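Understanding the architecture of this molecule
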Amino acid sequence: MRDRAADRIQFACSVCKFRSFEDEEIQKHLQSKFHKETLRFISTKLPDKTVEFLQEYIVNRNKKIEKRRQELMDKESTKPKPDPFKGIGQEHFFKKIEAAHCLACDMLIPAQHQLLQRHLHSVDHNHNRRLAAEQFKKTSLHVAKSVLNNRHIVKMLEKYLKGEDPFTSEAVDAEIEGDDNLGGEQKEETPEEVAAEVLAEVITAAVRAVDGEGAPAPGGGDTLAQGEGPT
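This report concerns the structure included in the present document. Computed from a predicted structure; not experimentally measured. The residue numbering used here restarts from 1 in each chain and proceeds along that chain's sequence as written. Only residues with pLDDT of 70 or above have their local features reported here, since the model is predicted, and side-chain atom pairs are shown and tallied only from 80 upward, although totals for entire chains, interfaces and linings are computed over all residues. Side-chain measures here rest on the full set of heavy atoms in the structure, leaving out hydrogens and waters.

**A few points about the nonpolar core**
Nonpolar side chains in soluble globular proteins tend to be buried together. Think of a nonpolar core as a cluster: buried Ala, Val, Leu, Ile, Met, Phe, Trp, Tyr and Cys residues, connected wherever their side-chain atoms sit within 4.5 Å. Between buried and exposed lies partly exposed: a residue is buried under 20% and exposed over 50% of the maximum accessible area for its type, with that area taken using a 1.4 Å probe on protein chains only. Counting residues in hydrophobic clusters, the biggest one holds 28 residues, and the most contacted among them are Cys13, Val15, Ile42, Leu46, Phe53 and Tyr57. Where this core is concerned, the elements lending two or more residues are strand E1 (11-13), helix H1 (23-30), helix H2 (33-43), helix H3 (48-76), helix H5 (123-149) and helix H6 (151-161). A run of DSSP states H or I qualifies as a helix once it reaches four residues; a run of E qualifies as a strand once it reaches two. Both are numbered from the N-terminal end. The greatest single-element share of this core, amounting to seven residues, is contributed by H3. Only heavy atoms matter for contacts: two residues are in contact if any of them lie within 4.5 Å across the pair. When residues no more than four places from it in sequence are discounted, the contact partners of Val15 are His35, Thr38, Leu39, Ile42, Ile58, Ser140, Val143 and Ala144. Counting residues in each nonpolar core, the second largest holds five residues, with Cys102, Cys105, Ile109 and Ala132 among its members.

As structure tokens, this is what we get:
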């Protein structure tokens, strides 16, 4: 259970809807093929300089998150972490294990190499992950537009396009504190909410495929024409 203030602030890549409590994981994500392909897709709909700004914004935002997390951890280093297993006796036959949560399949897999590999190579997983990847790609542009419509980020983008450095602590810290989150939302989504969204989209796509309707067209109502800037 995470209820310390530092553990409520996650590293995040908003366009990929990636969240993590670990700095190493967000850095790995930002260098990943998945992230680069997402930005490449967005760059077919938005100007190159705008996409460059998005990448710089995400990188700098996570630097600020790391700084803020460290400050909170220094303040709370003496506080003991609550034990979620407290009060659960041996008679309940509980055992603490490490597990992976496959968002595409909505399944928990014990962190054992053989079991993970079996799942990764299963027909169901590969079908579900392709559907999930397509849905992520199609929603990434909508998320990017929401980011760029944020009033603070609009000003930052204007500075960036003029060749100025917009990544000051004042411009980013307010968002980290949750005062003005991406796209005008009141708070960041939790990993569970993100998983629920993806699963809902995957299920919808699967139902359409079974019914013969096909997946939604990539050029939906939220798609900007190539080279068109943020509104």
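**With respect to the pattern of salt bridges**
Think of a salt bridge as a Lys or Arg side-chain nitrogen and an Asp or Glu carboxyl oxygen that are within 4 Å of each other. Going through the model one piece at a time under the given rule, you end up with three salt bridges. One salt bridge connects Glu37 with Lys33, and the closest N-O pair in it is separated by 4.0 Å. With Glu37 and Lys33 both in helix H2 and four residues apart, this pair spans about one turn of that helix. The class for Glu37 is partly exposed, based on a relative accessible area of 38%.

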